[in-house]
Amino acid sequence: MPVSFLSTPQRERYGRYPDMLSSDELARSFHLDDDDREWIATKRRDGHRLGYALQLTTVRFLGTFLEDPTAVPGAVLYTLSSQLGIADAGGTRPRFAPATATASSPPAACSSGLAVGCAPCAGPAPTVPARCSTMPTTG
């Protein structure tokens, strides 16, 4: 993403979590609703479920994926693990897919509409975010 229009401090903060997150930010931005939990439950192990939840909420909060998906504040890790019923978040390291994405990886799921509550598009997952034909259109 082009960031040349941003100031130097803005470029340095882009795609990174702030140093401190308030309890309101954690509750508002890292809440997993029923649809999120249902989708996350399809992942095999605690580490995979936690990793997927981290990617999903990170892209919602920051508007982008992290370059280093493990660079997540402990408060976010704790908030998500408690919602997922993972008792030992410190002992459960988030697991992330290898560099080759799959149809169920967070970027594909988000771009196919699953993250916004629409039915998935038919056919292979798009490589570029596209409007799902089942998504409601606005004005």
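Structure's up top.
Now for a description of the structure that goes with this document. These numbers were taken from a predicted model, which means no experiment stands behind them.

**Here's the deal with the nonpolar core**
As a rule of thumb, nonpolar side chains are buried together in soluble globular proteins.
Move 1: Ranked by size, the top nonpolar core spans 17 residues in total, and within it Tyr 17, Phe 30, Leu 54, Val 76 and Leu 80 carry the most contacts.
Move 2: Residue assignment for this core shows that the elements contributing at least two residues are helix H4 (46-62) and helix H5 (74-84).
Move 3: No other element matches the 5 residues that H4 contributes to this core.

**Details of H4**
Each α-helix turn comprises 3.6 residues. Residues three or four places apart therefore point the same way.
Move 1: The terminal C-alpha atoms of H4 lie 24 Å apart, and with 17 residues this matches the ideal 24 Å at 1.5 Å per residue to within 8%.
Move 2: Of the residues making up H4, those classed as buried are Gly 47, Leu 50, Gly 51, Tyr 52, Ala 53, Leu 54, Gln 55, Leu 56, Thr 57, Thr 58 and Val 59.

**Considerations on the packing of aromatic side chains**
Move 1: With the rule as written, the count across this model stands at 3 aromatic pairs.
Move 2: Measuring from centroid to centroid gives 6.1 Å for Tyr 17 and Phe 30, while their planes differ by 35°, and the two rings are tilted. Pair noted here: Tyr 17 is in the loop between helix H1 (8-13) and helix H2 (23-29) and Phe 30 is in the loop between H2 and helix H3 (34-40), with a separation of 13 residues, a long-range link.
Move 3: On the basis of relative accessible area, Tyr 17 is assigned to the buried category, the value being 11%.
Move 4: Aromatic side chains Tyr 17 and Phe 61 sit 5.7 Å apart centroid to centroid with 15° between the ring planes, which places their arrangement in the stacked category. Of this pair, Tyr 17 sits in the loop between H1 and H2 while Phe 61 sits in helix H4, placing them 44 residues apart in sequence.
Move 5: When its relative accessible area of 23% is taken as the criterion, Phe 61 is described as partly exposed.

Rules and cut-offs
Residues numbered from 1 in each chain as written. Predicted model: local features only at pLDDT ≥ 70, side-chain atom pairs only at ≥ 80, totals over all residues. Heavy atoms only, no water. Core = buried A, V, L, I, M, F, W, Y, C linked by side-chain atoms within 4.5 Å. Buried < 20%, exposed > 50% of the residue type's maximum accessible area, 1.4 Å probe, protein only. Helix = DSSP H or I, 4+ residues; strand = E, 2+ residues; numbered from the N terminus. Expected span 1.5 Å × (residues − 1). Phe/Tyr/Trp six-rings, centres within 6.5 Å; stacked < 30°, edge-to-face > 60°.

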